[in-house]
Amino acid sequence: MAASDFLVPEKLAPLVRNTIFSGNIFHQEQVQSTNLVAMAAGARAGRAPESAPEGSVFLAEEQTAGRGRGAHIWSSPRGAGIYCSFLLHPPMSPAETLWLSLISGVAVQDATREVTGLQADIRWPNDILINEKKFAGILTEMSSDSSRVHHAVIGIGINVNQEKFPDDFSTTATSLRLEAGKECSRLEMTAALIRAIDREYRALLRAMESPIRTPALRFEPIMRRIESRSSYATGKLVHVDENGGYTGTTDGLDPRGFLRVRTDQGLRIVISGSVRPVSRRSDASGA
Ligand code: BTN
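Everything quoted here is computed from the prediction, not taken from an experiment.

This next bit is on the packing of helix 3 (residues 98-116) against helix 7 (residues 220-229). Relative to each other, helix 3 and helix 7 sit at 45 degrees, their axes nearing to 10 Å. Between helix 3 and helix 7, the interaxial angle falls into the category oblique. You can see that helix 3 and helix 7 cross each other, and the crossing is left-handed. Residues Trp99, Leu102, Ile103, Val106, Gln109 and Asp110 of helix 3 form the contact with helix 7, whose own contacting residues are Ile222, Met223, Arg225, Ile226 and Arg229. By residue class, the composition of the contact of helix 3 with helix 7 is seven nonpolar, one polar and three charged.

For the structure shown, the criterion picks out 19 salt bridges. Notably, a salt bridge pairs Asp127 with Arg123, separated by 2.9 Å at the nearest N-O pair. On the accessibility criterion, Asp127 (8% relative accessible area) is buried. Since its relative accessible area comes to 8%, Arg123 is described here as buried. Where Arg202 meets Asp198, a salt bridge forms, and the shortest distance between an N and an O atom there is 2.9 Å.

Another aspect to go through is the site of the ligand. The local shell around the ligand holds 20 residues, among which Ser33, Gln63, Arg67, Arg69 and Lys134 are the closest. Within the contact set of the ligand, a nitrogen atom lies 2.9 Å away from a side-chain nitrogen or oxygen of Gln63. For the ligand, the protein covers 97% of the area, taking 420 Å² as the surface of the free molecule. Counting residues per element, the ones that place at least two in the shell around the ligand are helix 2 (34-44), strand 3 (81-88), strand 6 (133-144) and strand 7 (149-159). It is strand 6 that contributes the most residues to the shell around the ligand, four residues altogether. When the residues that make up the shell around the ligand are grouped by side-chain class, the tally is six nonpolar, 10 polar and four charged.

Below, the discussion takes up the sheet that holds strand 5 (residues 127-130). Taken in spatial order, the seven strands line up as 1-2-3-7-6-5-4 in an open sheet, and their pairing is mixed. The outermost strands of the open sheet, each flanked by one partner alone, are strand 1 (25-31) and strand 4 (121-123). For this sheet, the mean angle separating the axes of adjacent strands, direction not counted, is 20 degrees. The strands that helix 5 (residues 186-209) touches are strand 2 (55-63), strand 3 and strand 7; relative to strand 3, the one it contacts most, it runs at about 25 degrees.

We now examine helix 3. With 19 residues, helix 3 extends 27 Å between its outermost C-alpha atoms, agreeing within 8% with the 27 Å of an ideal straight helix rising 1.5 Å per residue. Summarising burial for helix 3: 15 of the 19 residues are buried, a large majority. Just past helix 3, the residue Gly117 takes up positive phi, approximately 80 degrees.

The final tally for this structure, using the stated rule, is three aromatic pairs. Taken together, a centroid distance of 5.1 Å and an interplanar angle of 65 degrees make the contact between Phe21 and Phe86 edge-to-face. Separated by 65 residues along the polypeptide, Phe21 in the loop between helix 1 (9-12) and strand 1 and Phe86 in strand 3 bring together distant segments of the chain. On the basis of relative accessible area, Phe21 is assigned to the buried category, the value being 0%. Residue Phe86 is classed as buried on the basis of its relative accessible area of 0%. Between Trp99 and Phe219, the aromatic rings sit 4.8 Å apart at their centres with planes inclined by 5 degrees, giving stacked as the arrangement. Here Trp99, found in helix 3, pairs with Phe219, found in the loop between helix 6 (215-218) and helix 7; they are 120 residues apart in sequence, far enough to count as distant.

Applying the stated criterion to the full structure yields zero disulfides. Counting only cysteine sulfurs, Cys84 is the nearest neighbor of Cys184, a cysteine outside any disulfide, at a range of 13 Å. Residue Cys184 is classed as buried on the basis of its relative accessible area, which comes to 7%.

So, how was this worked out
- Residues numbered from 1 in each chain as written.
- Predicted model: local features only at pLDDT ≥ 70, side-chain atom pairs only at ≥ 80, totals over all residues.
- Heavy atoms only, no water.
- Axes fitted to C-alpha atoms, helices over the stretch in contact; angles between N-to-C directions.
- Helix = DSSP H or I, 4+ residues; strand = E, 2+ residues; numbered from the N terminus.
- Parallel < 35°, antiparallel > 145°, perpendicular 65-115°, else oblique.
- Left-handed = near helix turned anticlockwise from the far one by under 90°.
- Contact = heavy atoms within 4.5 Å.
- Nonpolar A, V, L, I, M, F, W, Y, C, P; charged D, E, K, R; others polar.
- Salt bridge = Lys/Arg side-chain N within 4 Å of Asp/Glu carboxyl O.
- Buried < 20%, exposed > 50% of the residue type's maximum accessible area, 1.4 Å probe, protein only.
- Near = heavy atom within 4 Å.
- Polar contact = N/O pair within 3.5 Å; in protein donor to acceptor, adjacent residues only side chain to side chain.
- Areas by Shrake-Rupley, 256 points an atom, 1.4 Å probe, with all protein chains shown as cover.
- Pairing = 2+ DSSP bridges.
- Expected span 1.5 Å × (residues − 1).
- Phe/Tyr/Trp six-rings, centres within 6.5 Å; stacked < 30°, edge-to-face > 60°.
- Disulfide = S-S within 2.5 Å.

This is how it looks when you write it as structure tokens:
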């Protein structure tokens, strides 16, 4: 890959003017993990939100130890994908940071449609799929005390121009190139993603500043928006890999952003388990 294709700030900045990130884009050729880089920058910036710029974005061409959810690794070959981490200082409690992951899914979905015309789906909480295969993932990390977030990092990995995946992943993973049938501009996709994160984050802050006193109701518009964007949010038969595993039908989000699942034993709330679709036939056989 030529250095001229790198996602450098000089190329990105003009495409993301008027976003909270425009003056704070940082690029490296190779890092262990952009989340680690962003978390370290957040720690250096200090604990008071006013001492750090509200938004920074950290990009790398390659990660040598890309991190996924649940201690998985995120394969990050040089120049094939987008590996980026957004550093924010959201005025929220640690429990509310789930909303950061959820709005980021909407942002990836919007950027994908804008650049490729492809319609992506969101599998709660933060897998982004096309044709039921995953092409993007989100890992949100934070530094906080018991009541307040000092800084949060939204790490997003997008498979852009991978042409194939190892056999183990070929039925579950995909890239924008494989789905669109042509190469996709990482620069355009990154710029669209930065603009979309900016839009969604501002909407989240507006919702949080609303005069509605009940916290649950303040997130209502965001919650409805996410539900409307995800085929997994409502009416989907799923298996949940949590508390021994169970099967049920999704029934929207609860006021904290958790997924509600109706089972034969009653309503269950998915806190962090992974959710997989169950075909109606395998359900009938008791899977
Ligand atoms: C997942 O689906 O498991 C989440 C994957 C998140 C990967 C991204 S790539 C950029 C950022 N840096 C990391 O180490 N991880 C996230």
